[in-house]
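Tertiary structure, described
The lines below spell out each chain.
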4 protein chains.
Amino acid sequence: MSKREVPASVKDARLIKKRRNQMIKGAIALFKQKGFHRTTTREIAKASGFSIGTLYEYIRQKEDVLYLVCDRIYDEVRERMEKDIDTHQGTLESFKLAIAHYFKVVDELQDEVLVMYQEAKSLSKESLPYVLDKEMQMVGMFENILKQCVDNGVFHLNEQEIRLFAHNIFVLGQMWGFRRWALQKMYTLDEYIEMQTNLLLKGILEKRS
Amino acid sequence: MSKREVPASVKDARLIKKRRNQMIKGAIALFKQKGFHRTTTREIAKASGFSIGTLYEYIRQKEDVLYLVCDRIYDEVRERMEKDIDTHQGTLESFKLAIAHYFKVVDELQDEVLVMYQEAKSLSKESLPYVLDKEMQMVGMFENILKQCVDNGVFHLNEQEIRLFAHNIFVLGQMWGFRRWALQKMYTLDEYIEMQTNLLLKGILEKRS
Amino acid sequence: MSKREVPASVKDARLIKKRRNQMIKGAIALFKQKGFHRTTTREIAKASGFSIGTLYEYIRQKEDVLYLVCDRIYDEVRERMEKDIDTHQGTLESFKLAIAHYFKVVDELQDEVLVMYQEAKSLSKESLPYVLDKEMQMVGMFENILKQCVDNGVFHLNEQEIRLFAHNIFVLGQMWGFRRWALQKMYTLDEYIEMQTNLLLKGILEKRS
Amino acid sequence: MSKREVPASVKDARLIKKRRNQMIKGAIALFKQKGFHRTTTREIAKASGFSIGTLYEYIRQKEDVLYLVCDRIYDEVRERMEKDIDTHQGTLESFKLAIAHYFKVVDELQDEVLVMYQEAKSLSKESLPYVLDKEMQMVGMFENILKQCVDNGVFHLNEQEIRLFAHNIFVLGQMWGFRRWALQKMYTLDEYIEMQTNLLLKGILEKRS
DNA sequence: TATGAATGAGCTTTCATTCAT
DNA sequence: TATGAATGAAAGCTCATTCAT
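Residues numbered from 1 in each chain as written. Chains lettered and ligands numbered in written order. Predicted model: local features only at pLDDT ≥ 70, side-chain atom pairs only at ≥ 80, totals over all residues. Heavy atoms only, no water.

An unreviewed UniProt entry lists chain A under the name AcrR family transcriptional regulator, from [Anoxybacillus] calidus.

This part is about the relation of the copies chain A and chain B. Note on the copies: chain A fits chain B at an RMSD of 0.2 Å, the axial shift is 0.1 Å, and the rotation between them is 179°. In symmetry terms, the pair is related by a two-fold rotation axis. Both copies share a contact surface, since 98% of the interface residues of chain A are interface residues in chain B too. (Least-squares fit on C-alpha atoms with pLDDT ≥ 70 in both. Contact = heavy atoms within 4.5 Å.)

The next thing to look at is the protein's contact with DNA strand F. Among the 42 residues in the neighbourhood of DNA strand F, the closest are listed as R19(B), Y58(B), K11(C), Y58(C) and Y56(D). Between a phosphate oxygen of DNA strand F and a main-chain N or O atom of T41(D), the distance comes to 2.9 Å. Those elements that place two or more of their residues in the surface near DNA strand F are α2 (41–48) and α3 (52–58) of chain A, α1 (13–38) and α3 (52–58) of chain B, α1 (13–38) and α3 (52–58) of chain C together with α2 (41–48) and α3 (52–58) of chain D. With five residues, the top contributor of residues to the surface near DNA strand F is α3(B). (Near = heavy atom within 4 Å. Polar contact = N/O pair within 3.5 Å; in protein donor to acceptor, adjacent residues only side chain to side chain. Helix = DSSP H or I, 4+ residues; strand = E, 2+ residues; numbered from the N terminus.)

This brings us to empty space enclosed by the protein. Taken as a whole, this structure holds seven cavities of 30 Å³ or more when the rule is applied. Empty space within the second largest cavity amounts to approximately 110 Å³. What lines the second largest cavity is F165(C), N168(C), L172(C), Q196(C), L199(C), L200(C), F165(D), N168(D), L172(D), Q196(D), L199(D) and L200(D). Mapped by element, the contributors of at least two residues to the lining of the second largest cavity are α8 (159–178) and α10 (189–204) of chain C together with α8 (159–178) and α10 (189–204) of chain D. (1 Å grid on protein atoms, 1.4 Å probe; cavity = no way out; pocket = protein on both sides within 12 Å on 5 of 7 lines; lining within 4 Å. Points joined across faces, edges and corners; volume = space filled by probe spheres on them.)

Once that is clear, we can look at the arrangement of the chains. There is a gap between chain A and chain C: no contact, and a shortest C-alpha distance of 30 Å. There is a gap between chain B and chain D: no contact, and a shortest C-alpha distance of 21 Å.

Our focus in this paragraph is the UniProt feature "domain: HTH tetR-type" (unreviewed entry) in chain A. With numbering matched to this structure, UniProt assigns "domain: HTH tetR-type" (unreviewed entry) to residues 17–77 of chain A. In the segment residues 17–77 of chain A, helix accounts for 87% and strand for 0%; the C-alpha atoms at its two ends are 19 Å apart. (UniProt positions renumbered as here; feature names shortened; annotations may be inferred.)

Right, let's talk about helix α6 (residues 110–119) of chain A for a bit. The element α6(A) is extensively covered by neighbouring structure, given that seven of its 10 residues are classed as buried. Looking at the buried side of α6(A), the elements it contacts are α1 (13–38), α4 (62–84), α5 (92–108), α8 (159–178) and α9 (180–186) of chain A. (Buried < 20%, exposed > 50% of the residue type's maximum accessible area, 1.4 Å probe, protein only.)

An α-helical segment advances 3.6 residues per turn. Residues three or four places apart therefore align on the same side. For helix α7 (residues 128–151) of chain B, spanning 24 residues, the distance from its first C-alpha to its last is 34 Å, which sits close to the expected 34 Å at 1.5 Å a residue. Contacts from the buried residues of α7(B) go to α9 of chain A together with α4 (62–84), α5 (92–108) and α8 (159–178) of chain B. At the C-terminal side of α7(B), G153(B) shows a positive phi close to 75°. (Expected span 1.5 Å × (residues − 1).)

All right, on to the UniProt feature "DNA-binding region" (unreviewed entry) in chain A then. Per the UniProt record, "DNA-binding region" (unreviewed entry) is annotated on residues 40–59 of chain A. The straight-line gap between the two end C-alpha atoms of residues 40–59 of chain A is 14 Å; of that span, 75% is helix and 0% is strand.

This part takes up the interface of chain A and chain B. Every contact between the two is made by 40 residues of chain A and, on the other side, 39 residues of chain B. Across the contact surface, chain A and chain B share two salt bridges. In this structure, R179(A) engages E135(B) in a salt bridge whose closest nitrogen and oxygen atoms are separated by 2.3 Å. Applying the counting rule to chain A against chain B returns 13 residue pairs in polar contact (both at pLDDT 80 or more). (Salt bridge = Lys/Arg side-chain N within 4 Å of Asp/Glu carboxyl O.)

Evaluation of the coordinates by the stated rule reveals 57 salt bridges over all chains. A salt bridge links K3(C) to D71(C); the nearest nitrogen and oxygen atoms lie 2.5 Å apart. Of this pair, K3(C) sits in the segment before α1 while D71(C) sits in helix α4 (residues 62–84); the two residues are 68 residues apart in sequence, bridging distant segments of the chain. Exposure remark for D71(C): the relative accessible area of 8% places this residue in the buried category. Through salt bridges with shared partners, a single ionic network connects K3(A), D71(A), D75(A), R78(A), E82(A) and K134(A).

Before going further, it helps to spend a moment on the packing of helix α7 (residues 128–151) of chain D against α8(D). Residues and elements named next belong to chain D. Close contact between α7 and α8 brings their axes to 8 Å; oriented N to C, the two are set at 125°. If you check the angle between α7 and α8, you find them oblique. The interaxial crossing formed by α7 with α8 has right-handed handedness. Contacts between α7 and α8 pair E135, M136, M138, V139, F142, E143, L146, K147 and V150 from the former with E159, I162, R163, F165, A166, H167, I169 and F170 from the latter. Class assignment for the residues of the contact of α7 with α8 results in 11 nonpolar, one polar and five charged. (Axes fitted to C-alpha atoms, helices over the stretch in contact; angles between N-to-C directions. Parallel < 35°, antiparallel > 145°, perpendicular 65-115°, else oblique. Left-handed = near helix turned anticlockwise from the far one by under 90°. Nonpolar A, V, L, I, M, F, W, Y, C, P; charged D, E, K, R; others polar.)

Here the focus is the nonpolar core. Among the nonpolar cores identified, the biggest contains 150 residues, and F95(C), F142(C) and F95(D) are the most heavily contacted of them. The contacts of F95(D), once residues within four sequence positions are left out, are I145(D), L146(D), C149(D), F155(D), F165(D), I169(D) and L201(D). (Core = buried A, V, L, I, M, F, W, Y, C linked by side-chain atoms within 4.5 Å.)

Take Q174(A): it is sitting in helix α8. If near-sequence neighbours (up to four positions away) are discounted, Q174(A) is found in contact with Y74(A), Y102(A), V106(A), V113(A), M116(A) and Y117(A).

Turning to the protein's contact with DNA strand E, a few remarks are in order. Residues in contact with DNA strand E amount to 41 residues; listed here are only the nearest, K11(A), Y58(A), Y56(B), R19(D) and Y58(D). For DNA strand E, the fraction of atoms within 4 Å of the protein that belong to sugar or phosphate moieties is 61%. Contacts to DNA strand E include R19(A), whose side-chain N or O atom sits 2.7 Å from a phosphate oxygen. The contact in question runs from a phosphate oxygen of DNA strand E to an N or O atom on the side chain of Y56(B), over 2.5 Å.

Attention now goes to the domain arrangement of chain A. Residues and elements named next belong to chain A. By the assigned domains, chain A splits into domain 1 (7–60) and domain 2 (69–204). Of note, the centres of domain 1 and domain 2, computed from C-alpha atoms alone, are 29 Å apart. Each partner contributes to the interface: domain 1 provides nine residues, whereas domain 2 provides eight residues. Considering only the surface of domain 1 that becomes buried against domain 2, I24, I28 and K32 emerge as the three largest contributors, covering 52% of it. Seen at the junction of domain 1 and domain 2, the total is two salt bridges. Where domain 1 packs against domain 2, one counts two residue pairs in polar contact (both at pLDDT 80 or more). (Domains from an automatic or database assignment. Buried area = accessible area lost by both parts, 1.4 Å probe.)

All names here are of chain B. Mapped onto the elements of the fold, Y130 is located in helix α7. Sequence separation of Y130 and F31 is 99 residues, and the distance between their C-alpha atoms is 20 Å. If near-sequence neighbours (up to four positions away) are discounted, Y130 is found in contact with M1, S2, K3, R4 and Y67.

Now the structure itself:
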């Protein structure tokens, strides 16, 4: 799985990359403002700095733009996560740092995350699985971190609990973005991170000893 | 706030209620399948059992249908919650029951909740606040339950924590619906309820004393 | 010719008269504002003080309203003309008075005249002749006045000239209404009357001896 | 003032000119038959020789077509007037020629003039002033001619009279078109010109000397 | 490769007219 | 006679997509 090939008429791979970068950048800006459906292909072309004809040299359908955008956003998030996080330590501290870092990445990319969050459902039956797969990889990252901690005896969680917990972390992170209208009025990002970390951890830390 | 009046050309209030019920029912079925944007007004009319002309006797714009749908879904959720839940007991057991009940309601209405979840953002700047307001009322319900428990000494939480916790409960409930493609493959509803309740509770229960 | 029967479902002639009066009054007010095409039958019904269903008890088609309106406006103009003008004197003074009076009537009914002027063209091929016929009767009135004057030796005009002159008077009167955006900024009604009368008269008054 | 820019999506100015010419020609033909309101945009597109989509590449709204049509007709009328008329001579003969020429132009373009005459009022508040301005320029042309004659002592008229007279000429010219159902049955164009010229002139020629 | 004019299916919305009550 | 809910044809307009240049 991992990547759906979006066919282009143009051959030059270098050019494809360049043009698609322009396209993704322009499209995200537009999708933020008006959503996928209310954005026209002409607008995307214009925001990308080329003509509508050129746009269609690099995609087949409008929906391809959405796929490329979603794909890119996940790459971006994962890249930032991987750059700064060591998922293999398996200590309480590394777990806390991972959460904090993830929440910060969501905060930085909150517009992008929101776009993907709201528009991914408009992907075709064909494209959606690729994006969901990427999402599961992100969740999988949290699973791995948790597993390391469990292996090290920091937490006691079974397989099922690890999975659910990873989902919770993933969603509570996104929540900072998609419920910003409520949350960001009440807390700073740091407060949010601290409170959520506490709540999450208290739930699973071994309390007897 | 509480309700935006959607203007109708027809005067008979009873009829408005009846027709709008048909409309909401038809629209939800369609929005489930194809989303708001891909559903046409003609389809809505047809699914509602009347003509396109009649549809427009009961709304002014397509978007009104979406508002009506969102509004109804929240009423439905709240109604079911209120019917079976006593929010004033302030006991651990009542808290657990409230969560379990909420999760069950989300499960029963999962299509509806998903629709509202995914499409609400397409509401106009004018309508959105009304829907967000309803959402905050739901969150407020959890806040109240938590407050009662805190007052009774069941939990120790400050104002900020209560609020965040209420949001978490709300979102983790919805999560059962909007991440069903992952979660419902892994757990039954009862398992989900039990595990989440555990995780949530362990985080806040007073452990020593 | 003289009148086209607009069929009504209702039998009671008295009622027909009453309802049509309401209708004409309401319609004129609306046509003034927005023209015939932009006025809906619902608006006409409402402005008339009854329901759309009732409206259609007294007409067959929307266009009938326009016909009734045009018909009424001509009656109104003619009625006012006939009330105050003696067309049989054949003196210079009576001619001047007739013109002045006509111009004053146009001024008083300028909205109505404008409506008829602008909308009559929307009448069907069937109705239009009846309205044009009424218009010709008005022109005929001026012809008669002119003829009397010619018979009395006040003017020297042949048949052709009388006819054209009557048209000129008719149109220059209406002009006060339909070019009001220009004329009424430059002249008062009295100035307009005086100047036009002078110009008209100098052209035909016997100048020698 | 002088011209309202009607925005086009297409950039090639040459093409815009060409397509709009087709459009204007097609639209005039249709407006003649059925008026602006009863003509559909699809009909205009078809009569112009292109698709509805293409039509909207060259205008923004249906009303723009009407504006373009009115604008063109005035240009056409003025162009023809300017080509053959010297407005600066200030002789009786040149005045007569100007009237005759104007009446002939109205006769040649009588369908166009009629269209503009009947439909201009359907222009939006935004466009109308531009058309009225053009109309005033035409009237201004007659004013100038009259002024020259007054300066040369051919007529004795004050400012106010010149203005009114110019309006009269303008309207009596149009009258040949918009009352053709009556006038053109009674007179030939030449007769009409001669009679109107006589009536107009006798009114203002200096009679004593 | 890049362009942008052309296309037309399809959208939302309106409104004259009907007819059961 | 009066009502107004129901209808659906038809309107204006948009926009994803194509293709000749």
